[in-house]
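Chain residues, written in single-letter form:
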Amino acid sequence: MKKVMVGILVIIPVIIVLVVAMVSVFVSMSAHIAVDDITLDKNYLEIEYDSEQSAFKLSDLLTATVTPDRASNKTYRWSISDLVCIDEEYKAEWDAGLIPAPAFVHENQEVADEEMLGDIDDDTCSHDGYLHINTYCSFLLKAQAETHIATCRVYVVGFKVESIKVIIGDTMTVGQNARIEVETDPVEAIVESWIY
Amino acid sequence: MKQSNISWQSVKTLFRLDLRSRKDATTELSHKDKAMNVMNFIFGVVIYAMLVAGIYFFTNMFVKRAGLSLEHFLSVSNLLTIGVSTIIAISTVVKNLYMNGDNELLFRFPVSGTEILIAKSIYCALHNFVVTVLLTLPFHIIAGAIAGASVGYYFGSIAMIIFQSFLPFFIANLVAIPVMKIVNLIKNQFLLVLILIIIAICGCFVIYMNALSSVLGYLADNRVNFFADPTIKAKIIEFANNSYPINLYAFVLVGGTEVVWRHPALCFVYLLLMNGAFGVGAYFTTTRCYYSTILCGIESEKESLVKVHKTNKVRSVFGTLLNREFFLIFRSFNYSFQYLAMACAAPVMVYYCNALASAMGTKSVGTTIVPGLTLLVIIIFVTIIVSFASTSISREGNVFYHTKIIPVSYTTQILTKLFLYGIVGTASVVLCCVTVAAAFVPEAGGALLTPLDVGMIFLICELVVLAETCLSIWADIKSPTFNVSGDGELVAANKNVAVALFVGIFTAILYGVFAMVFSFQGLTLGKMTFDMQPAEVYGILAGVSGAILIASACMLFVNLEKRYQKIVP
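Cut-offs and rules
Counting from 1, residues in each chain are numbered in the order their sequence is written. Lettering for chains starts from A, numbering for ligands starts from 1, and both go in the order in which the items are written. Two thresholds apply to this predicted model, a pLDDT of at least 70 for residue-level local features and 80 or more for giving and counting side-chain atom pairs, whereas whole-chain, interface and lining totals are computed over all residues. Axis lines are fitted through C-alpha atoms, for helices just across the contact stretch, and the angle between N-to-C directions can take any value from 0 to 180 degrees. In this text, helices come from DSSP runs of H or I with a minimum length of four residues, and strands from runs of E with a minimum of two, each type numbered from the N-terminal end. Angular relationships are summarised with four words: roughly parallel below 35 degrees, roughly antiparallel beyond 145, roughly perpendicular across 65 to 115, and oblique for the angles in between. Crossings are sorted by hand: turned counterclockwise from the far helix by less than a right angle, the near helix makes the crossing left-handed, and turned clockwise it makes it right-handed. Contact between two residues is assigned when their C-beta atoms, built from the backbone, lie within 7 Å. Each residue gets one label: Ala, Val, Leu, Ile, Met, Phe, Trp, Tyr, Cys and Pro are nonpolar, Asp, Glu, Lys and Arg are charged, and the others, such as Gly, are polar. At least two DSSP bridges between two strands are required for those strands to pair. The span expected for a helix works out to 1.5 Å for each residue beyond the first. Three exposure classes are used, based on other C-beta atoms lying within 10 Å of a residue's own C-beta, which is placed from the backbone: buried for 20 or more, exposed for 12 or fewer, and partly exposed in between.

*Asks:* Residue-level account of the packing of helix 17 (residues 451-478) of chain B against helix 19 (residues 534-557) of chain B, with values.
*Replies:* All names here are of chain B. It is the contact of helix 17 with helix 19, at a shortest axis distance of 8 Å, that shows an interaxial angle of 20°. The angle between helix 17 and helix 19 places the two elements in the roughly parallel class. Considering how the two elements wind past one another, helix 17 and helix 19 form a crossing that is left-handed. Here M456, L459, I460, L463, V464, L466, A467, C470, L471, I473 and W474 of helix 17 lie close against helix 19, whose contacting residues are Y538, L541, A542, S545, G546, I548, L549, S552, A553, M555 and L556. Classifying every residue of the contact of helix 17 with helix 19 gives 19 nonpolar, three polar and no charged.

As structure tokens, this is what we get:
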């Protein structure tokens, strides 16, 4: 009797696992399996602004995982919100509708000028889309699968010195001392050495 | 019992008698018994095939994925197999040498204690050899095949496994005496024994589930597994290097010559000396203590009857029958194991099984599958407990006629049994439901179940348990199997137990599959599309279960007096 019971205890978990596996295969073919969740591998991302590279493939930046594995529709779309432009000059022109948004998502790597000037709140792209960055800014990057959303806060920053500005008085007299101040663009640029 | 020199003819006769009694060769086997033996053999082969498959996956994980050397892997696997073989050998030696019921009989034969000891030890040694080979050979062959070992390795493995089989047997003989002393002490402490059995069942099941989980994880995840972590690998290697003296077996087989003390020949000498020491120790311990330990065991058997009850407690007829039925469960380890130990261990087993299957199902098709899965798991485990009811009449054994002459109607007697099994079954279902509710309802547990799910699962399981209990008792009334020899204990599982288990597992799968499949929206079967809400699924299952319960209760109680009267052992 004991041996039979021990044998049954060994077999039962295997039976349960097999039943679950078979039911999973069956329902994935016969029923709609809703998305349970979508997750991103990061919830915070810093991108270094580079004027020479403005388009980033989203799938290279972040990895989204849709669960369950056998969900009927595992596709998801990217969008951005809470966009804040750090560059004041750019912001003024953007507000005037003269230049594209500081950042937006688009299906393609190359975007026509007239498309860039549209409303970015309505912009979404598929999981293969691109993130276009035009200046320093921060925003919330969202991935949505069915009704589930995962977000990642993105900061576009610059560590490379684009330009410097020496701040000093307009005129100086002989024997006068003055303090030289230097302002970098962007302000958070990392400067390792100065030579005067 | 005579005290004289060893007669090898007597040893041979005793050994032959022992083998014949084990194979039931003293009686002519009916076709039914032969079929049962074949079924048992197939069942054993299936279990062993599963074991070999598990060994393959583990070996692959260690040798291929983690990149362990053959030497380190064999050190770890030998430790495992020698450990298991030793536990089995201790159990075999204790059962055959010290606890076997024929000791009392053999003492009256014209044979000496040494001859009995030798005859029984031969059986134990053979049993230990077969167990060691069956356990160790798959590890060695699979590891060799994966690591691409040479032909010589396989021949060496066979020789090493034969050599390896001595150690568990010697240790078992050394350990069996202290084990028997403890067993004789706690033999009549039924509650303590029950608690120990429950702990052992839960512990073994948890280890098994973790192993199964690792295998499933390995199968599902072809990427780098945790064994590939350099720190884990380093720990395994360190453990293998320090697992003395068992790793010496691996060094003999595949050890290098770069480290002097790991030279195969030197390791073999170490092992030879160690085995010799254990063998001599086992010989002297066993030959000197065997006779006294057996006598102590026989004498302590009667200790449970020493307790004197000065006054008989006055109970109602129902209470008396219930009391008797309850204590009948404690009558043997078999009954306690099958019933109370299983009932108490069920919540632990349900939790671990549900956690594993839920993780697998949720990953594959989402959380929708979990309520149906939980229903399947609880019914399947409670089925094991309910199967005990299918021997409720058979367990009466020699005293069955007593149930016919006592001035209590058969219906009342059966009602008592049904009440007891119903109460224990219900308690087990409640415990299982409370466990899954505590584990899977809160946010911390993933909120995989709602309170409604748990409530409905309880209702359905309860109805199923009661229906299965009625059917099990009905089946045993229809065809009981009485053991009229010995003390009447029903040691082997009869066909009613097998049928009850089969029906229970089949019902659990049916219910579980129905609940899991129909919980998904937009299910299309042929040209029909189903959009059932969980409440509707539960409603259907509860309705069906209620109908089955009514039908099974009718089957049990209609014409019960007449059917019971017809039972003849």
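*Asks:* Provide a residue-level description of the sheet that holds strand 6 (residues 103-106) of chain A, including the pertinent values.
*Replies:* All names here are of chain A. Across the sheet, which stays open at both edges, the three strands sit in the order 3-8-6 with antiparallel pairing between neighbours. Unpaired on one side and paired on the other, strand 3 (55-57) and strand 6 mark the two borders of the sheet. Taken pair by pair, the neighbouring strands of this sheet meet at an average axis angle of 25°, ignoring direction. Two strands pair when backbone bridges link them, and strand 6 and strand 8 (residues 130-133) are joined in this way by four bridges, in the antiparallel orientation. Looking at the pairing, F104 lines up with H132 of strand 8.

*Asks:* Tell me about helix 17 of chain B, and please be specific about residues and values.
*Replies:* A rise of 1.5 Å per residue sets the reference length of helix 17 of chain B, with its 28 residues, at 40 Å; its end C-alpha atoms lie 40 Å apart and thus fit the reference within 8%. Most of helix 17 of chain B is tucked away, with 22 of its 28 residues classed as buried.

*Asks:* Can you explain the pairing of strand 2 (residues 44-48) of chain A? Please cite residues and give values.
*Replies:* All names here are of chain A. Little of strand 2 sits out of view: just zero of its five residues are buried. Here strand 2 pairs with strand 10 (residues 148-157) via five bridges, running parallel. Within strand 10, the residue paired with E48 across the bridge is V157.

*Asks:* Can you explain the sheet that holds strand 2 of chain A? Please cite residues and give values.
*Replies:* All names here are of chain A. The strand order across the open sheet formed by five strands is 2-10-9-5-7, and the pairing between neighbours is mixed. The outermost strands of the open sheet, each flanked by one partner alone, are strand 2 and strand 7 (124-126). Averaged over all pairs of adjacent strands, the angle between their axes in this sheet comes to 30°, without regard to strand direction.

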